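Tertiary structure, described
Here is how the chains run, residue by residue.
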Amino acid sequence: MSIFVDETTTVVVQGLTGGQGRFHGLRNRDYGTKVVAGVTPGKGGTDVEGVPIYDTVAEAVEVTGATASFVVVPPRFACDAILEAADAGISLIVCITEFIPAQDEALTYNRLVREHPGTRLIGPNCPGIISPGKANIGITAGDIALPGGPVGIVSRSGTLTYQALHELSQQGVGQTTCVGIGGDPVPGTNFIDCLEAFQADPETRAVMMIGEIGGSEEERAADYIGQHMDKPVIAYIAGVTAPPGRKMGHAGAIISGSQGTAQAKIDALREAGVTVASNPTEAGEMMVEIVRGLG
Amino acid sequence: MDLYEYQGKQYFARFGIPVSPGGIAKSVDEAVAQAEAAGYPVVVKAQVKVGGRGKAGGIKLAADPDEVRRAAEAILGMDIRGHTVHRVWVEHASDIAKEYYASFTLDRPAKLHLGMLSAAGGVEIEEVAATNPEAIARLHVNPCDGLDEQTARRWVDEAGLDEEAREEAARLLVRLYRCFVEGDCDLAEINPLILTTDGKVHALDAKVTLDENAAFRHLEWEELAEDEIEDPREKMAKEKGLNYIGLEGSVGIIANGAGLAMSTLDVVNQVGGKAANFLDIGGGANAEVMTAALEVINADPSVKAILVNIFGGITRVDDVANGVIAALANVEIHSPIVLRLDGTNAEAGRALLASHLSDSVLAEPTMLAAARRAVELAR
């Protein structure tokens, strides 16, 4: 099994006619994802390599029955696109858009919670989600993932997610699902949402979690793991040597004062019984060992 | 983007938040002119983006032009915790009866706006939060609802602000919230928020951090961006549009993705070295970006070895390799360079690089091995 997306997921790509949308949307389709529609206002009736384009998400859903949306539009349009998808009854929205204003993100998140409690948003500013062999929504290169499980991955960082997939796949260790939750201040889906789903998924037998400095999501995840998880968790936290008070590329990766330091997160995770690796390679090696031990 | 106090006050004023009359000065003469306009006595305040100005002697009271002259002479050019003072803000001195604290920011775990208000302002608020947390009245605001005056009034009561300050403070807080939301602030903080002896409430300081992602809808921010970047390396990187932070070590770092770049810093540290910088070249590691990155790293005299750590996801490693080869032809590198290229099409990428490897251009298969080699070479 997998979490959040599988071979039955049907996807509408918002922004399929744009350069990025076309590239990634079609790559997702080539991977085997059921990309059934694209949406671009004013371009309804056309198609992108056989994928029909609609003016609105509502129309696309009505005709194709799409259940998921891939939002790949510029930052100033992204929040409207997310809300439009939710209004149209889409239950899973993956938004890769980077540089969305924090105020828009906070408002959109809270509107989703209030008006569309059944809708899950992954991202923004994330690589997306892949259930290897079943569906890939986002910008992850499908060929670095290996189907068959048993490892679930949840990560706040893009390139480190790819690194993790790659390290496991090279050792012949497959993944059930890999979720990039993104590094923004208000992610639609957080570590705990994914850990909960992995804990409930019978095919996921171990979880790799990749965090970074800033915020307190990793600490909260540690609490959850300590109380509710019996599957082994390997974690890696980036940013041990990051100077405090400086933004390191993501809005998320910033520490102020003692809050959100890598050390605080590492301590909290170890306290909860999580094995914390000191670098991504080590995290991969540790996971391989655990998986081999599972028999 | 952090604003200087004077910029923050000007920003507050746009949203109707009362501040003291004053002006900015880059020279002693300008300071005197601003003092004349504001009316004596005045306060001359160093404009630096770092706390502890008062303790460092960066804030002085002046009753006449001579005193302003002496204060400005002392403060301009002063070094406050590594920040040189280029400007002073000169404002009319307020008669302070009480000092409060007020701020809005995003509570990330709660995913809501968080207002903090305290009758114990004017001091280190972190200290108040640590030693006397009840002294801070916290208010969560759902962005869907916003903050109305009625809620603000209840909040002011709860925080125990003085009776005569409450009405005005509530109105000011609604405006501060508007400034925070419509002004696209990550942080809008007033410490101290004061009650004057004649019963007025206004902002005596301003700490504003703007969310640069919202710059597209704030054309007025362009004039705020002009800022002295003290680190020449950071200045050069900014001109080239690179996401660079200067550090103290000797291993120059180039990586793609913020997470991988941070992780590279950590690994260099683990094997006994120190990074000279953080540099995230993002997804597209083409020849142009790679050239710019190498130029910046190369200009840093403390760099003794360069570590390039690229993981190709969507970016194909063979494209990256071509970028590196072209960049090496463009830039004459002073220090040895260690390359770790992995991910999509890694084999093809390594094959391309093979004929370009030498004593000063080396390749390693893993991040750890590459870090070890770079640290060794930097010694």
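Structure: see above.
Residues numbered from 1 in each chain as written. Chains lettered and ligands numbered in written order. Predicted model: local features only at pLDDT ≥ 70, side-chain atom pairs only at ≥ 80, totals over all residues. Heavy atoms only, no water.

Quick word on the overall build of chain A
Counting its regular elements, chain A contains nine helices and 14 strands. Relative to a compact globule of 295 residues, whose C-alpha radius of gyration would be 19 Å, chain A shows 18 Å and is just as compact. Seen along its three principal axes, the alpha-carbon backbone of chain A occupies a region of about 55 × 45 × 30 Å. Residue burial in chain A is summarised as follows: out of 295 residues, 61% are buried. Within chain A, contacts between residues at least 6 apart in sequence are counted, and of these 74% link residues at least 24 apart. Between the mean site of the 19 positive side-chain charges and the mean site of the 33 negative ones, chain A shows a separation of 2 Å. (Helix = DSSP H or I, 4+ residues; strand = E, 2+ residues; numbered from the N terminus. Rg over C-alpha atoms; globule rule 2.2 N^0.38 Å. Buried < 20%, exposed > 50% of the residue type's maximum accessible area, 1.4 Å probe, protein only. Contact = heavy atoms within 4.5 Å. Lys, Arg positive; Asp, Glu negative; His and termini not counted. Charge placed at Lys NZ, Arg CZ, Asp CG, Glu CD.)

Quick word on the pattern of salt bridges
All names here are of chain B. Enumeration over the complete set of coordinates arrives at 31 salt bridges over all chains. Between Lys98 and Asp162 there is a salt bridge; the shortest N-O distance is 2.8 Å. In this pair, Lys98 is assigned in strand 7 (residues 96-107) and Asp162 in the loop between helix 5 (149-159) and helix 6 (163-182), connecting sequence segments 64 residues apart. We note a salt bridge from Arg316 to Asp318, for which the minimum N-O separation is 2.8 Å. Judged by relative accessible area, which is 12%, Asp318 ranks as buried. Put simply, Glu5, Lys9, Lys45, Arg53, Glu91 and Asp205 are held in one network by salt bridges that share partners. (Salt bridge = Lys/Arg side-chain N within 4 Å of Asp/Glu carboxyl O.)

Structural notes on the sheet that holds strand 3 (residues 47-48) of chain A
All names here are of chain A. Strand order across the open sheet formed by seven strands is 3-4-2-1-5-6-7, with mixed pairing between neighbours. Two strands close off the open sheet at either side, each with one partner strand: strand 3 and strand 7 (120-122). Each of strand 1 (10-14), strand 2 (34-39) and strand 4 (51-54) touches helix 2 (residues 57-64); the most contacted strand, strand 2, lies at about 145° to it. (Pairing = 2+ DSSP bridges. Axes fitted to C-alpha atoms, helices over the stretch in contact; angles between N-to-C directions.)

Comments concerning the interface of chain A and chain B
Each side of the interface is counted separately: chain A has 59 residues, and chain B has 46 residues. The tally of links from chain A across to chain B stands at two salt bridges. Taking the shortest distance from any N to any O, the salt bridge between A:Asp104 and B:Arg217 comes out at 2.8 Å. At the surface where chain A touches chain B, the tally comes to 17 residue pairs in polar contact (both at pLDDT 80 or more). Looking at the side of chain A that touches chain B, the elements that each hand over two or more residues are helix 1 (19-31), helix 4 (102-115), helix 5 (158-170), helix 7 (217-228), strand 13 (233-238) and helix 9 (280-294) of chain A. (Polar contact = N/O pair within 3.5 Å; in protein donor to acceptor, adjacent residues only side chain to side chain.)

Read these as spatial facts, not as claims about activity.
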